[in-house]
Amino acid sequence: MSVSCNSANKSTLKSGRRSRFFSLRFFAVAACAAVLLCGLSFLFAKTLFPMKYSAEVDAAAAEFGLSRAEVYAVIMAESGFDPTAESTAGAKGLMQLMPSTAKFCAALVGAQFDESDIFDAGVNVRLGCRYLVYLKQRFDGDYVYAAYNAGEGKVRLWLNENIDGFPIRETADYVKRVKLYKKIYSFLYGL
């Protein structure tokens, strides 16, 4: 089955890509500019990219061999450090875990899990970090973050069908954000 695009659809697609490109580019440039400025801007950048829940992040990152910058980047991208965050899909807490994922990861670490624990920062960060390690054992590079965002099944499907990149815009943007945030946290805090 072939799909034809008329010129109006092509220009809409190009316009959408251009708009998406410029919005991401603007965000990246603005974030980098904030990070690279000296003096008060450096302090302002640290306000924009805080190291909240450092005890929980430090403990979980050490337990699972992850960089703290990576954990902070995922938290920033997922919840913006809101421990009560809840997505429309049902993901919860700092690292936006689905209850079924949290239960699965709790079993991997040999811990009991009650769904009410999902909003506990220590529990959520620990299980979120364990999930990152689980995904790193199954995927390489950017596909780890894509799987964290879109789900392991979707990423496996994309890989099996030899789809280049990430066909879901939200996932592509998410991967870019996590990578950018990881660089910013590394730069700001020497992580």
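Keep in mind that what you see is a predicted model, and the values were worked out from it rather than measured.

Here we look at the overall build of the protein
Summing up its helical and strand segments, the protein has nine helices and zero strands in all. When its helices and strands are written in sequence order, the protein yields α-α-α-α-α-α-α-α-α. Put simply, the protein has 191 residues, and 38% of those count as buried. Long-range contacts, defined as pairs at least 24 residues apart, comprise 54% of the intrachain contacts of the protein with a sequence gap of at least 6. Counting only carbon and sulfur atoms, one obtains 56% of the accessible surface of the protein, whose full area is about 10700 Å².

Quick word on the pattern of salt bridges
One pass over the full model with this rule turns up nine salt bridges. With a closest N to O distance of 3.0 Å, E115 and K92 form a salt bridge. Taken together, the residues E115 in the loop between helix 5 (99-108) and helix 6 (121-136) and K92 in the loop between helix 4 (68-79) and helix 5 connect sequence positions 23 residues apart. Taking relative accessible area as the criterion, E115 reaches 44% and is therefore assigned partly exposed. Three or more residues joined by partner-sharing salt bridges are found here, namely E86, K92 and E115.

A look at the packing of helix 7 (residues 142-150) against helix 9 (residues 169-189)
Helix 9 packs onto helix 7 with a crossing angle of 120 degrees between their chain directions and a minimal axis gap of 9 Å. Comparing their axes, helix 9 and helix 7 come out oblique. Crossing handedness for the pair helix 7 and helix 9: right-handed. Contacts between helix 7 and helix 9 involve D142, Y145, A146, Y148, N149 and A150 on the former and, on the latter, E170, T171, Y174, V175, V178, K179 and K182. Grouping the amino acids of the contact of helix 7 with helix 9 by side-chain chemistry returns seven nonpolar, two polar and four charged.

Describing the packing of helix 3 (residues 54-64) against helix 6
Across the interface, helix 3 lies against helix 6 with an axial gap of 9 Å and an inter-helix angle of 30 degrees. By the angle class used here, helix 3 and helix 6 are roughly parallel. Note on packing geometry: the crossing formed by helix 3 with helix 6 is right-handed. Across the interface between the two elements, E56, V57, A60, A61, E63 and F64 of helix 3 pack against A121, G122, V125, R126, C129, R130 and V133 of helix 6. Partitioned by chemical class, the residues of the contact of helix 3 with helix 6 number eight nonpolar, one polar and four charged.

Observations regarding the nonpolar core
Counting 51 residues, the largest nonpolar core has V125 and Y148 as the members making the most contacts within it. Listed by contribution, the elements that provide at least two residues to this core are helix 3, helix 4, helix 5, helix 6, helix 7, helix 8 (152-160) and helix 9. Leave out the neighbours within four places in its chain, and V125 touches E56, V57, A60, V71, I75, L94 and M95.

So, the side chain of N124
Examined against the element boundaries, N124 turns out to sit in helix 6. The class for N124 is buried, based on a relative accessible area of 1%. Leaving out residues up to four positions away in the same chain, N124 has contacts with K92, G93, L94, M95, Q96, L97 and I118.

Some remarks on the environment of D114
Inspection of the secondary structure assignment puts D114 in the loop between helix 5 and helix 6. On the basis of relative accessibility, which here comes to 43%, the residue D114 falls in the partly exposed class. Within the local environment of D114, its side chain forms a polar contact with the side chain of S116, the two groups lying 2.5 Å apart.

What to know about the environment of Y148
By the secondary structure assignment, Y148 is in helix 7. Residue class for Y148 comes out buried when judged on its relative accessible area of 8%. Sequence separation between Y148 and Q96 is 52 residues, and the spatial gap between their C-alpha atoms is 9.5 Å.

Thoughts on the environment of Y134
One can find Y134 in helix 6. Taking C-alpha positions, Y134 is 8.5 Å from C105, a pair spaced 29 residues apart along the chain. Those residues in contact with Y134 that sit more than four places away from it in its chain are F104, L108 and E152.

Cut-offs applied
Residues numbered from 1 in each chain as written. Predicted model: local features only at pLDDT ≥ 70, side-chain atom pairs only at ≥ 80, totals over all residues. Heavy atoms only, no water. Helix = DSSP H or I, 4+ residues; strand = E, 2+ residues; numbered from the N terminus. Buried < 20%, exposed > 50% of the residue type's maximum accessible area, 1.4 Å probe, protein only. Contact = heavy atoms within 4.5 Å. Areas by Shrake-Rupley, 256 points an atom, 1.4 Å probe, with all protein chains shown as cover. Salt bridge = Lys/Arg side-chain N within 4 Å of Asp/Glu carboxyl O. Axes fitted to C-alpha atoms, helices over the stretch in contact; angles between N-to-C directions. Parallel < 35°, antiparallel > 145°, perpendicular 65-115°, else oblique. Left-handed = near helix turned anticlockwise from the far one by under 90°. Nonpolar A, V, L, I, M, F, W, Y, C, P; charged D, E, K, R; others polar. Core = buried A, V, L, I, M, F, W, Y, C linked by side-chain atoms within 4.5 Å. Polar contact = N/O pair within 3.5 Å; in protein donor to acceptor, adjacent residues only side chain to side chain.

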